[in-house]
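Below, each chain spelled out in residue letters.
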Amino acid sequence: MPSSSHIFRLGVKELWSLARDPIMLLLIAYSFTASIYIAATALPETLHHVPIAVVDEDASPLSRSIIQAFYRPRFNPPRMVTLADADAGLDSGDYTFVLDIPPDFQRRVLKGTVSPIQLNIDATRMTQAFSGGGYVRQIVSGEVEGFIQRYRATAPPPVGLTLRARFNPNLQQAWFGALTEMINNVTMLGIILTGAALLREREHGTIEHLLVMPITPSEIMLSKIWSMSAVVLLAAMVGLLWIIRGILHVPIEGSVGLFVLGAAIHLFAATSLGIFMATVARSMPQFGMLAVLILLPLQLLSGSFTPRESLPAVLRFVMEAAPTTHFVALGQAILFRGAGLSDVWPHLAALIGIGVVFFGIALVRFRKSLSEAA
Amino acid sequence: MSLPLQKLAPVVRFERVRLRYGKTVALDGITADIPAAAMVGLIGPDAVGKSSLLSLIAGARAVQEGRVMTLEGDMADPRHRRAVCRRIAYMPQGLGRNLYPTLSIEENLQFFGCLFGLEQAERRRRIDGLCRDTGLSDFLARPVGQLSGGMKQKLGLCCALIHDPDLLVLDEPTTGVDPLARSQFWDLIRRLRVARPGMSVVVATAYMEEAEQFEWLMAMNAGRILASGSPAQLRNQTHTDSLDAAFIALLPEALRSRHRPVTIPAFKEAAGSGFAIDARELTKKFGAFVAVNRVSFQIRRGEIFGFLGSNGCGKSTTMKMLTGLLPPTSGVAQLFGLPVRVDDLATRRRVGYMSQSFSLYSELSIHQNLVLAARLYGMDPAQISSRVDEMVLRFDLERNRDSMPDQLPLGIRQRLSLAVAMVHQPELLILDEPTSGVDPIARDVLWQLMIDLSRKDEVTIFVSTHFMNEAMRCDRISLMNAGSVLVTGRPEEIVRLRGSASLEEAFISYLKEAEGISAPAGHPSEPQNPVGVISATTPAPVRRTPPFSIRRSWSYTLREARELRRDPVRLTMALLGTALLMLIIGYGISLDVENLDFAVLDHDGTGLSRDYALNLAGSRYFHEAHPLRDDRDLERRMRSGELALAIDIPPHFARSIGHGNPVSVGAWVDGSMPQRAETIQGYIQGMHQGWLEEMATRRLGQNHPSPAWVETRYRYNPDVRSLPAMVPSVIPLLLLLIPAMLTALSVVREKELGSIINLYVTPVTRSEFLLGKQLPYVVLSLLNFSLLTLMAVGLFRVPVKGSLAALSTGALLFVIFSTGFGLFCSTFTRSQIAALFLTLIGTLIPAVQFAGILSPVSSLEGMGAVIGKSYPATHFLLICRGVFSKGLGFRGLAASFWPLLLAVPVMVGLPILLLRKQET
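Residues numbered from 1 in each chain as written. Chains lettered and ligands numbered in written order. Predicted model: local features only at pLDDT ≥ 70, side-chain atom pairs only at ≥ 80, totals over all residues.

(A) Inspection of the overall build of chain A at higher detail. Across its full length, chain A holds 15 helices and five strands. At 27 Å, chain A has a C-alpha radius of gyration far larger than the 21 Å of a compact globule built from 374 residues. Principal axes of the C-alpha set define a box for chain A whose edges measure 95 × 45 × 40 Å. Out of the 374 residues in chain A, the part that is buried amounts to 57%. Contacts in chain A between residues at least 24 apart in sequence constitute 81% of all its contacts with a sequence separation of at least 6. (Helix = DSSP H or I, 4+ residues; strand = E, 2+ residues; numbered from the N terminus. Rg over C-alpha atoms; globule rule 2.2 N^0.38 Å. Buried ≥ 20, exposed ≤ 12 C-beta atoms within 10 Å, placed from the backbone. Contact = placed C-beta atoms within 7 Å.)

As structure tokens, then:
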């Protein structure tokens, strides 16, 4: 039976060691303040200041009205280029879109003969290419239709479509960026702090000393888990309330308390994972490599950068076992959609399950890894 | 061998030297001359500034105040330091602290030879000569980590002597070394001095019997010099007959009063108390290596039992088996009549253990360490405070009560370790070399303490030691060698049985017998010529140091590469891990949004409204969940994230269309992921339009599709697949993260482990050091790059359309940057964790978010845009995409190459500027 007083004492010891590493404290503070702020304000709306160029071979009123239809904030003012410049500009990545309005475009439109405008898209820029392409087409079509309508009357389409975005009506990336950044930093810190703390004890031989005391490995592990989780949780709260809500004015729909509970449970899973990694790695350099190998997929595939629906089925299945997947889903649900406990409990349960499994494996490996190191 | 000391100019001259670490004053105005061509000893208690003084002499530490003149030049002057460091050899405190544990003896020696610019043939000759003299010849291929302490120190000496120094600085070279190895060590020095009479040797030592042999001594206390002169002079000055006594007499009254001769009451076994420790046939194997071979002994309650033996002979392993830290391979150990079990917490409470290496928390103060241990041992909280105070007093730690152990010398740390092991009043103490590095007075105090515990409180003490006078105080001792116990008995008995004059002599003769050395006073490889090979070496040709020596740099490269090769796990992770990540991310990151769940709230319920829903459900983008019941249901299911899209079809939908009345379908999109929301909106608009047209064709028989005003051409990636776009962007990401992480710990780790001292005291420059370290990682990263490119082409079928030369050049520049970034993080952090974390923050976040992998840099804003534009990953990303997808070469990508070319010297230069060539 783990003794709560041992766990508490050892945890306080962890806090002391952290308190005496000023660079580390600075980095933690940075990750939940400046880092969140920068990420939130840097991320553009998907279509934001999109670089576009136009080759106007028509030079007609219609072509001019098309060009004027592209304006900030979605598009940068179109750059007027020649056909030759257009290719070079696409090559060097100066613009994502190039519209080529052919000669006699206006005349042919009025005559009803089809001579389409060519839209060149740099398809290596996936995000803008996808949503931007449709948008550019819509603008051009709208301008042309409007131009035609001024000449002949056409009936409006019988069925309209009212599109509304829930939870983030203007689809502001800042909201998303800030939250993503915070969630990722919570994970990264949880794993690194705990794993490295254990590894340092092993490299310095202090763990050996603990093991001759009347202390069990589970007490040692739990002490690291609570202390490091507490630090990260506290920093995350500062980030959430001060930076995200206070400075970035992101409305938080749901209950902050519920989110804290979710974050705490997530941290249990992440720190257990960190301890598990520390029992696998034999030295700090190995741990560093392992951290990169695990953190990168955890962050990129958790659904915080790209939609989870787009993952291949196998990876989606595998990522169900990653704590970040559930934490991202849970965080978005609570903070943006105001979801309650009844909505997010499956994620909470999954996080607890993942945490328990990692904790269990780490516990089994704990002593074994020690005798290997001797 | 007594030279007229005063006739030569002093080899070192101190003028009013002061040194402080934070608030602690280490040296307090030292003014002294150290005679040249002599064997000079520094003696004194722990923490009086001996090590600080030596590191100042060697130039390892920066002079703060006053003047230090070594070999007739000012050590504050970098030019003099650079010129003179090839004439100085410095062996820091700690066993093999400046050596590289994963490298073999040969490789370590080669490394040091290269650092001092010796030619290959010259290196060979000297290494062979030195190893023959020290008896290391047979173990050239053995990794240093597996050597015994004595061998490590001999190797340390060889490494120090490889460049024929004029001044040899040794900081407690024989602390923690067994008597045989110790006598061999001094023997070596003695012969060396015969061969090179001009050489000066400065040694700090805790052994007074060693100091007795030196020509000139400096006794230090509290950062000041108490007295100096020959051993005889010191004895005369204090009217004492031994150096031990002389030293105690020299100390200030306050310290002296603490010293009392150790008295040992006879050991009386309590009747029927049984054995505290009963070990039978204990054996421990690590793979094929037998560390402990069938060791048996019984220790009675209250007995003091000594364990003697050379380092690495199995003493520590035996002790660890007794504490339950290591499970024995075979045999049984019992404590207090109970078998040792890993999960037996009750027994652990009765035992106190002190391990050989300092194993307390360097981030907690001395007082905090004691309190923590008391609490963890489950002491009554009411007693903790008084018990801790008692320990502080007993172990003479008041002055350092709130200090951090890191700032304290070995001796005080050892005292703290011992105090921690005893704080919970255990019945059995297992102490692994508790007095190693502790000064004589403190050692006597500790022993008196242990004796009192044994005799008054019946505490059993199982202790290992290298000091013979301490062994004589034990009730019984065991001599151990190569995993086996040679002899067990009362110390006087062992001496008598062996017919020796002292225990030391008896011990040495046992060891020699065990090792098969027959010659009575001989050295394993005593050279024919007493002068030895060392004298035959011509002094190293003194050439002007080139500003950048390829050889020195290369020696660091070789060393780093070897260490990497000896760590196959890390190497595998670096290579296979990158491939794995490429696979996962290449396939995993896709911006095609498919299989989104949507549901319909159908207020109309006609065939037409069903048809509208089916139109969506029929596409590959959407998957229909069971229909919505009402607005509350819609609200709830969107809130929980179950639905990405909800379609609201109004009442009278079909009728309105039939009558030509305007009607509107509502589409609710989950906006919590803006990018996904935009994509969904795009899909919906397109499908809505498609449905309208189809309906018009079908129902009204009209057929006038609106003309396509825009013809779209997706350039570079005509199928608009994610893979060809993602794969070239993953390459920069991985080539940033992995190489940076590989180098991130390389400098800070040397700082933590101590080998950074080689940078401080050898001629190697900062640029040679860093560039040499960087090279193997650059090569490894280029290997990674080839692997990634092959995977892109072969596995992902993303062809390289443009110039491979341009891509490779870009990759080369980029990995120089990323490895440089790792070094940069490593140079100014102090702990490995901080370096690790800083590297992650500095690479992962900007690379994923601001380098243009997802959104082009030109669209970023604020700080993000600044970071994105200046971050080299951005430019390498453009190069990758340009070459892979756009078929470009150097010409088309010139704009991206310039920033990379600029980043390389900055990122290579910055660590060089930040790294210090001396400890401050």
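(B) Representation of the overall build of chain B within the structure. Helix and strand counts for chain B stand at 35 helices and 24 strands. For 920 residues, the compact-globule formula gives about 29 Å, and the C-alpha radius of gyration of chain B, at 37 Å, lies well above that figure. With the C-alpha coordinates aligned to their principal axes, the bounding extent of chain B is approximately 125 × 75 × 50 Å. Relative to its 920 residues, chain B shows a buried fraction of 51%. If you take every contact in chain B between residues at least 6 apart in sequence, the share linking residues at least 24 apart comes to 75%.

(C) Quick look at the sheet that holds strand β20 (residues 596-602) of chain B. One open sheet holds the five strands; their spatial order is β5(A)-β23(B)-β22(B)-β20(B)-β21(B), and the pairing between them is mixed. With partners counted over all chains shown, the strands left at the sheet margins are β5 (159-166) of chain A together with β21 (622-624) of chain B, one partner each. Each adjacent strand pair in this sheet contributes to an overall mean axis angle of 25°, direction not counted. Relative to strand β23 (residues 663-670) of chain B, β5(A) is paired through eight bridges, and the arrangement is parallel. For Gly160(A), the partnering residue across the bridge sits in β23(B) and is Ser664(B). (Pairing = 2+ DSSP bridges. Axes fitted to C-alpha atoms, helices over the stretch in contact; angles between N-to-C directions.)

(D) Seen up close, the environment of Leu372(B). Secondary-structure assignment places Leu372(B) in helix α13 (residues 366-376). Once residues lying within four places of it in the same chain are set aside, the contact partners of Leu372(B) are Arg9(A), Lys13(A) and Leu364(B).

(E) Representation of the domain arrangement of chain B. In terms of domain boundaries, chain B breaks down into domain 1 (17-98 + 166-256), domain 2 (363-425), domain 3 (550-585 + 721-914) and domain 4 (596-699). Each of domain 1 of chain B and domain 4 of chain B was reduced to a C-alpha centroid, and the two centroids are 87 Å apart. (Domains from an automatic or database assignment.)

(F) Spatial organisation of the domain arrangement of chain A. Each domain of chain A was delimited in the assignment, giving domain 1 (4-43 + 172-373) and domain 2 (52-149). The distance between the C-alpha centroids of domain 1 of chain A and domain 2 of chain A comes to 47 Å.

(G) Representation of the confidence of the model for chain B within the structure. Residues and elements named next belong to chain B. Scored by pLDDT, chain B comes out at a mean of 83, with 92% of its residues at no less than 70. Counting contacts from residues 1-5, a segment whose pLDDT is below 50, to residues more than four positions away or on other chains yields six contacts. Long-range and interchain partners of residues 518-542, a stretch whose pLDDT sits below 50, account for 38 contacts in this model, where long-range means more than four residues apart. The complex model carries a pTM of 0.82, and its ipTM stands at 0.82. (pLDDT = per-residue confidence, 0-100.)

(H) Spatial organisation of the interface of chain A and chain B. If you look at the interface, chain A gives 118 residues, while chain B gives 128 residues. The element contributing the most residues to the side of chain A that touches chain B is helix α12 (residues 284-300) of chain A, with 14 residues. Here the side of chain A that touches chain B is composed, by residue class, of 63 nonpolar, 37 polar and 18 charged. Examined bridge by bridge, strand β4 (residues 117-122) of chain A and strand β24 (residues 710-715) of chain B share six bridges and lie parallel to one another. Across the sheet, residue Gln118(A) finds its bridge partner in β24(B), namely Glu711(B). (Nonpolar A, V, L, I, M, F, W, Y, C, P; charged D, E, K, R; others polar.)

(I) Local environment of the environment of Gly113(B). Residues and elements named next belong to chain B. With respect to the helices and strands, the residue Gly113 is situated in helix α3 (residues 105-115). Residue Gly113 is classed as buried on the basis of its C-beta count, with 23 C-beta atoms lying within 10 Å. Separated by 671 residues in the primary sequence, Gly113 and Asn784 have C-alpha atoms spaced 32 Å apart. Among all residues touching Gly113, those that are not within four sequence positions of it are Leu118, Arg123, Arg126, Ile127 and Ile162.

(J) Region of the structure containing helix α5 (residues 83-91) of chain A. Of all the residues in α5(A), the buried ones are Ala86(A), Leu90(A) and Asp91(A). One face of α5(A) carries all of its buried residues, which in axial projection span an arc of 130°. Along α5(A), the residues that are exposed and aim more than 90 degrees away from the buried face are Ala84(A) and Ala88(A). On its buried face, α5(A) sits against β1 (52-56), β3 (97-101) and β4 of chain A together with β24 and α34 (872-884) of chain B. Gly93(A) sits one or two positions beyond α5(A) and adopts a positive phi of about 80°. (Arc of directions from axis to C-beta.)

(K) Quick look at the confidence of the model for chain A. The predicted model of chain A has a mean per-residue pLDDT of 84, with 93% of residues at 70 or higher. Within chain A, the lowest mean pLDDT, 75, falls on β5(A), and the highest, 93, falls on helix α11 (residues 256-280) of chain A.

(L) Representation of the packing of α11(A) against helix α14 (residues 323-335) of chain A. Residues and elements named next belong to chain A. Close contact between α11 and α14 brings their axes to 10 Å; oriented N to C, the two are set at 170°. Accordingly, the angle class assigned to the pair α11 and α14 is roughly antiparallel. Counted together, Leu258, Phe259, Gly262, His266, Ala269, Ala270 and Leu273 of α11 and Pro323, Phe327, Leu330, Gly331, Ile334 and Leu335 of α14 form the full contact between these two elements. Residues that form the contact of α11 with α14 fall into these classes: 10 nonpolar, three polar and no charged. (Parallel < 35°, antiparallel > 145°, perpendicular 65-115°, else oblique.)

(M) Representation of the sheet that holds β24(B) in the model. Reading across from one edge, β2(A)-β1(A)-β3(A)-β4(A)-β24(B) is the order of the five strands in this open sheet, with mixed pairing throughout. On the outer flanks of this sheet lie β2 (79-80) of chain A together with β24 of chain B, each paired with one strand and no other. In this structure, β1(A) lies alongside β2(A), joined through two bridges in parallel fashion. The partner of Ala53(A) across the bridge, within β2(A), is Arg79(A). Along the sheet face, α5(A) touches β1, β3 and β4 of chain A together with β24 of chain B and points at about 160° away from the line of β1(A).

(N) Local environment of helix α28 (residues 746-753) of chain B. Buried residues of α28(B): Ser746(B), Val747(B) and Val748(B), and no others. Gly754(B), located one to two residues past α28(B), shows a positive phi value of around 105°.

(O) Examining unusual backbone geometry more closely. All names here are of chain B. Although it is not a glycine, His239 adopts a positive phi angle of roughly 55°. Even without a glycine there, the phi angle at Glu458 is positive, about 55°. Here Glu458 lies in the loop between α16 (440-457) and β17 (460-464). Classification of Glu458 as partly exposed rests on a count of 17 C-beta atoms within 10 Å.

(P) Spotlight on the environment of Arg97(B). Residue and element names in this part refer to chain B. Within the fold, Arg97 resides in the loop between β5 (88-91) and α3. Given 15 C-beta atoms within a 10 Å radius, Arg97 is considered partly exposed. In this structure, the C-alpha to C-alpha distance between Arg97 and Gly754, residues 657 residues apart in sequence, is 5.8 Å. Those residues in contact with Arg97 that lie beyond four places of it in its chain are Pro92 and Gly754.

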